[in-house]
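This is what each chain is made of:
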Amino acid sequence: VVLNKNLLALGKGITERYREYIILDRLGNILQRKISFLDGFQFKEGCIPIVTRSGEGFLLESGRVPFFCNLSGSYSFEGGLAYILARSIPGIDYTKSNKETPYHYKGQQNPFHVLGNYVNRNFELMIPKYYDSIEPYREGKIRMVMKKGLFGFLDTTGQEVIKPILNDFDADNQYRWQHLRRVEQKGKFGFIDDRNGQQIIPFQYEATVASTFPFTWVRKSGKWGCINQHNIVLLPFVYDVVSYFDADSISIAGRDGRMGHIRADGRIVTPLA
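Residues numbered from 1 in each chain as written. Predicted model: local features only at pLDDT ≥ 70, side-chain atom pairs only at ≥ 80, totals over all residues. Heavy atoms only, no water.

Caption draft 1: Layout of the sheet that holds strand β15 (residues 168-169). Judged by pairing direction, the sheet is antiparallel, and its four strands sit side by side in the order β15-β16-β17-β18 without closing on themselves. Looking at which strands have only one partner, the edges of the open sheet turn out to be β15 and β18 (199-205). In this sheet, β18 lies alongside strand β17 (residues 188-193) in antiparallel orientation, the contact comprising three bridges. In the strand pairing of β18, Phe191 is matched with Ile201. (Pairing = 2+ DSSP bridges. Helix = DSSP H or I, 4+ residues; strand = E, 2+ residues; numbered from the N terminus.)

Below, the structure written as structure tokens:
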């Protein structure tokens with residue numbers, strides 16, 4: 001396989017998954033031995049994730065392996081960061097936290113003690129603290145983390161923009177409100193900007209209804225009302241029962257035992273009769 005203008009990979013093995021390669025330069029000098037490729041042969045941001053007999057790591061366009069190949073997982077670079085998995089990461093003490101983690105893998109408490117982190121293009125660790133789980137989130141601009149069953153968010157430098165205090169967040173993006181995501185803290189719902197972690201709508205609602213429109217039903221003091229992305233009340237908090245807004249932005253609403261159809265701007269489609 002021609003990797004680039006300077007590197008050639010010669011492989012031997014029955015199937016691609018178990019095939020091992022030696023890496024040669026353009027003069028035929030052997031640079032690396034016994035390497036397998038995880039995700040094809042294309043360099044992404046100057047690196048390819050690889051597997052050696054000691055673990056996973058990265059191959060540079062120069063043919064050099066800059067990071068110890070003792071990882072349990074290595075992934076392609078995206079936006080200057082690459083996700084890695086390891087059983088131990090230098091400089092971070094995971095021993096106590098690992099035993100206490102509530103994170104479950106297939107019903108077990110992280111049985112492999114696999115630890116997630118990110119490295120930058122200098123292969124420096126980006127997240128200096130222990131978290132039970134670290135996941136890419138929102139086009140690589142911000143990261144979701146979990147610790148002791150609570151969610152938080154990091155920026156791309158590894159700094160916390162929201163500490164792990166959230167009980168839940170809209171992982172499925174059920175609202176599609178530009179960059180807003182619903183989050184929960186101690187039974188109350190609000191919305192944050194997932195680019196910077198800024199709280200846009202405070203934790204003040206008891207429940208919400210998923211919406212693809214720039215407005216949604218929220219419940220406060222046992223009654224439903226409708227707000228927009230700026231937390232401006234469009235329909236007052238007087239309804240006992242509501243439903244999703246449909247493709248015509250019409251929702252069922254109920255009050256005092258009577259049902260009807262209403263739009264978010266207050267126009268009555270079917271009287272509450």
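Anyway, onward from the coordinates.
Caption draft 2: Here's a closer look at the confidence of the model for the protein. Per-residue pLDDT for the protein has a mean of 82; in total, 83% of the residues score no lower than 70. Counting interchain partners and residues more than four positions distant, the pLDDT-below-50 stretch residues 94-112 has 33 contacts. (pLDDT = per-residue confidence, 0-100. Contact = heavy atoms within 4.5 Å.)

Caption draft 3: Fine view of the side chain of Ser211. Locating Ser211 in the fold gives a position in the loop between β19 (207-208) and β20 (215-220). Judged by relative accessible area, Ser211 falls into the buried class, the value being 4%. Within the local environment of Ser211, its side chain forms a polar contact with the backbone nitrogen of Phe213, the two atoms lying 3.1 Å apart. At 2.7 Å, the side chain of Ser211 forms a polar contact with the backbone oxygen of Phe215. (Buried < 20%, exposed > 50% of the residue type's maximum accessible area, 1.4 Å probe, protein only. Polar contact = N/O pair within 3.5 Å; in protein donor to acceptor, adjacent residues only side chain to side chain.)

Caption draft 4: Highlighting the nonpolar core. With 14 residues, the main nonpolar core has Trp217, Trp224, Cys226, Tyr239 and Phe245 as its most contacted residues. Residue assignment for this core shows that the elements contributing at least two residues are β20, β21 (223-228) and β22 (233-239). Not counting residues up to four positions away in its chain, the partners in contact with Cys226 are Phe215, Thr216, Trp217, Ile232, Val233, Leu234, Leu235, Phe245 and Ala264. Of all hydrophobic cores here, the second largest spans 11 residues; its members include Leu7, Tyr21, Phe37 and Phe43. (Core = buried A, V, L, I, M, F, W, Y, C linked by side-chain atoms within 4.5 Å.)

Caption draft 5: Examining a nonpolar patch on the surface more closely. A contiguous nonpolar surface patch, about 260 Å² in accessible area, is contributed by Val2, Leu8 and Leu10. For Leu10, the position within the fold is in strand β1 (residues 7-12). Since its relative accessible area comes to 41%, Leu10 is described here as partly exposed. (Patch = residues over 30% accessible without salt bridge, like charges linked within 9 Å, V, L, I, M, F, W, Y side chains within 5 Å. Areas by Shrake-Rupley, 256 points an atom, 1.4 Å probe, with all protein chains shown as cover. Salt bridge = Lys/Arg side-chain N within 4 Å of Asp/Glu carboxyl O.)

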